[in-house]
Each structure stands twice: as C-alpha cells, then as structure tokens.
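Structure at a glance
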Amino acid sequence: MQRAFVTGGSGFLGRNLIRRLRADGIAVVALARSPRASEAVRALGATAAAGDLEDQAAMTTGMAGCDTVFHAAACVEEWEPLDLYERVNVAGTRRALAAAQAAGVGCFVHVGTEAVFADGRSPMDRLDDTTPLPERPLARYPASKAAAEKLVRAANADGFRTVVIRPRLIWGRDDTSLLPKIIAAVRSGRFMWLDGGQFLTSTTHVDNVCEGLLRGAELGRGGDAYFVTDGAPRTMHEFLGALIRTQGVEPGERALPLWLARIMALSCEALWSILPLRGSPPIHRIALCLAGQAVVCDDSRARAELGYREIVTVEQGLAGVERIC
C-alpha cells in the first residue's frame, strides 16, 4: 500500500486510522465535507479532498492515484430519520464503491459492525464470520449497515477486491463519539445498567480496529467479512465500569431489568412512530440489542487468515484513555 483514501477521516476512527497510516509511511487523502474537517485531516498529515458521500465526482477525483480505499464514513447514531441512513450509509457506500472503481482503486475496505446482526430476536452471543445476516435487521442503523455490507461484498471482482472488517464497540483514546455520551448520562443521573451489566461483550480498541483494517487491506479475501476484537470478552459491567472510571466518575449500580426495558422500548418506539416527537426515544430495541445483552464475536478467522492480533490490550487501552469530559 502506497496511497490510501479515507472516508470519515475527521471522525473518531478516521482520525486514528490516518495516524496509523501516516506512521506506516503511507500517503493519505481524506474526504472532508467542511472546512473544519479539512483542517482536522490536514493536521494529521493527510491531504484533504473537499466533498462528501453524495459527491461521487469529488470522491473519484480524490481517489486518483490511490491503491486502497478505507470507507469509515457512516451515520452511526442509533436513532435518526430513516432517509438519513439510506442517504449516507447505503447510497453513500454505493457511490464510494462506484468512485473507487472509476478511479482504478484495487482494494476497498469497508468498516462494518456487529450491529448488522441486530434483529431483536436472534441471540448475538455466538457471532462468527459464518453467521448469516438476519432477514430483517432492525431499522435504521442495523438495516442500513447490513445493506451497505451487502453492496460491498457483491462489488468484489477481478482487479477490485472488497473486504469488510467488523469491529465491536470501538473505544480508546481521542473518543469524541461514545464516551462523552456515556459520561454525560452518568453525570446527569440517567445512566443505568441493563440487566445489571452481567453479560459478556466483545470490544475493540480503536488501535486494534486500525490493525484489522490494514490486515484486511493486505490479506483479506475478496468479498469476505472478518470480525476483529480485543480478544476474550468481558462482562459489560467490568469493561464499561472501568472505562467510565477513567474519567474520574463512578457509574453507580442502578439497574433496569431487561424484561422491563423491552416493554419500555416497544412503547417508546410506538409513541415516536405516531407522534411528532423530536430527538430519539429514551430507550429503543437497537440499544437493547447492542448494549443490553451478550454480544460476543469470534475473530478466530481474522487471526488465522489475516494474522490479526490485538496490538493494544484492554488494560493498556484503559491506561491510555485521556480525560475528555
């Protein structure tokens, strides 16, 4: 790899990916949809390509001379208008693929997610790379990312290798995405453990995600998807509690039984569907699937085929999380 194009370069994962690529001596061009995003990616050593996922021509121009595309841009919020997920996650991925093909890029690596398996019915405690996608994942984020993954895998062809890397629960330094929301909930008294947090979860430190993405670009089998994680799962209570304490606050022990949370989620979703309520419901099924039950991903195939290994342990990662709030 000599020159890479990154979408979502000013986001949490994108910033860390640019740092890793530049540290490895790889030139980087990053899609930037605003002057602020352009400034952010330039500060990391990347060249900014003005445009967004709706501007296929700008992406094609920016990808010229690149051998690899890392597609990290997405609407990652769990509850936004349905058309936003279609426009960004689905149509945006379709345009990014078309731009890469037009620019003659040889490898397209897509940042996937375990959320594609969230359908509100199937267990998520034994996911591996052979687990079939559900027929009807939950709407919004899960369904849109599942549709995007299908597009990426179907686009694989001679001279255009596509690979999906699926991390679970990205965390780590420079987090402007997940951790600030959790800490805000703790400090406002809104934080509660779903089912006491006594269920297993896989996690993936942001540096390990980057390692998986580079391994996928180098050795990933075209049209395939690979999980990458921090290794052995931990209970949500153990992991998230330790992460929260890096910010000098205590999560407490308030808990909400999962059976009650499910009733509340269905009620809230019904209200939000029939009334012109703003924002997101206080609880919904997507959150329950991803943060209220066991989610365990087996990354043994990435370890066997890609030579993937976590380069940061959970303990090392926790020690490196800075105070952000």
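The structure this text deals with has already been given above.
Summary of the structure given here. (Residues numbered from 1 in each chain as written. Predicted model: local features only at pLDDT ≥ 70, side-chain atom pairs only at ≥ 80, totals over all residues. Heavy atoms only, no water.)

Once that is clear, we can look at a nonpolar patch on the surface. A surface patch of nonpolar side chains, amounting to about 360 Å² of accessible area, comprises Leu271, Ile274, Leu275 and Leu277. You can see Ile274 is positioned in helix H9 (residues 258-274). (Patch = residues over 30% accessible without salt bridge, like charges linked within 9 Å, V, L, I, M, F, W, Y side chains within 5 Å. Areas by Shrake-Rupley, 256 points an atom, 1.4 Å probe, with all protein chains shown as cover. Salt bridge = Lys/Arg side-chain N within 4 Å of Asp/Glu carboxyl O. Helix = DSSP H or I, 4+ residues; strand = E, 2+ residues; numbered from the N terminus.)

Let's shift gears to the packing of helix H3 (residues 56-63) against helix H4 (residues 82-102). Angle between the axes and distance between the axes: these two values describe a pair of packed helices. Contact pair H3 / H4: the axes reach a minimum separation of 8 Å and the direction vectors enclose 40°. As the angle between them shows, H3 and H4 are arranged oblique. The handedness of the crossing between H3 and H4 is right-handed. Every residue of H4 that contacts H3 at Gln56, Met59, Thr60 and Met63 is listed here: Arg95, Ala96, Ala98, Ala99, Ala100 and Ala102. By residue class, the composition of the contact of H3 with H4 is 7 nonpolar, 2 polar and 1 charged. (Axes fitted to C-alpha atoms, helices over the stretch in contact; angles between N-to-C directions. Parallel < 35°, antiparallel > 145°, perpendicular 65-115°, else oblique. Left-handed = near helix turned anticlockwise from the far one by under 90°. Contact = heavy atoms within 4.5 Å. Nonpolar A, V, L, I, M, F, W, Y, C, P; charged D, E, K, R; others polar.)

Moving on: the nonpolar core. Where a protein is soluble and globular, its nonpolar side chains tend to be buried together. The biggest cluster of nonpolar side chains holds 39 residues, and the ones touching the most others in it are Phe5, Met59, Met63, Val69, Ala100, Phe108 and Met124. Elements represented by at least two residues in this core include exactly strand E2 (27-32), H3, H4, strand E6 (124-127), helix H5 (141-154), strand E12 (224-228), helix H10 (285-291) and strand E15 (295-297). Here this core takes 6 residues from H4, the largest share from any one element. Ignoring anything within four residues of it in the chain, the contact list for Val69 reads Phe5, Met63, Ala100, Val105, Cys107, Phe108 and Val109. (Core = buried A, V, L, I, M, F, W, Y, C linked by side-chain atoms within 4.5 Å. Buried < 20%, exposed > 50% of the residue type's maximum accessible area, 1.4 Å probe, protein only.)

This part is about the layout of surface pockets. Size it by volume and the second largest pocket reaches roughly 220 Å³. Trp79, Ala139, Arg140, Glu269 and Arg285 are the residues nearest the centre of the second largest pocket, which is lined by 14 residues in total. Those elements that place two or more of their residues in the lining of the second largest pocket are H9 and H10. Per-element tally for the lining of the second largest pocket: the top contributor is H9, with 3 residues. The class makeup of the residues in the lining of the second largest pocket is 7 nonpolar, 3 polar and 4 charged. (1 Å grid on protein atoms, 1.4 Å probe; cavity = no way out; pocket = protein on both sides within 12 Å on 5 of 7 lines; lining within 4 Å. Points joined across faces, edges and corners; volume = space filled by probe spheres on them.)

A few words now on the environment of Gly104. In this structure, Gly104 sits in the loop between H4 and strand E5 (107-111). Classification of Gly104 as exposed rests on a relative accessible area of 56%. The spacing of Gly104 and Thr68 is 36 residues in sequence and 9.7 Å in space, taken between C-alpha atoms.

Let us look at the pairing of strand E3 (residues 47-50). In terms of strand pairing, E2 meets E3 through 4 bridges, oriented parallel. The residue bridging Ala30 from the neighbouring strand is Ala48, located in E3. A crossover connection joins E2 to the parallel E3 through helix H2 (residues 35-43); in handedness this β-α-β unit is right-handed. (Pairing = 2+ DSSP bridges. Right-handed = clockwise from strand over helix to strand, strands pointing away.)

Let us now look at the packing of aromatic side chains. For the structure on display, the rule yields 4 aromatic pairs. Relative to Phe239, the ring of Trp171 lies with its centre 5.1 Å away and its plane at 75°, an arrangement referred to as edge-to-face. In this pair, Trp171 sits in strand E8 (residues 170-171) while Phe239 sits in helix H8 (residues 236-245), placing the two residues 68 residues apart along the sequence. Taking relative accessible area as the criterion, Phe239 reaches 2% and is therefore assigned buried. A cation over an aromatic ring shows up here: Arg140 above the ring of Trp79, its NZ or CZ 3.7 Å from the ring centre. Over the ring of Phe227 we find Arg166, and its NZ or CZ is 5.1 Å from the ring centre. (Phe/Tyr/Trp six-rings, centres within 6.5 Å; stacked < 30°, edge-to-face > 60°. Lys NZ or Arg CZ within 6 Å of the ring centre and 35° of its normal.)

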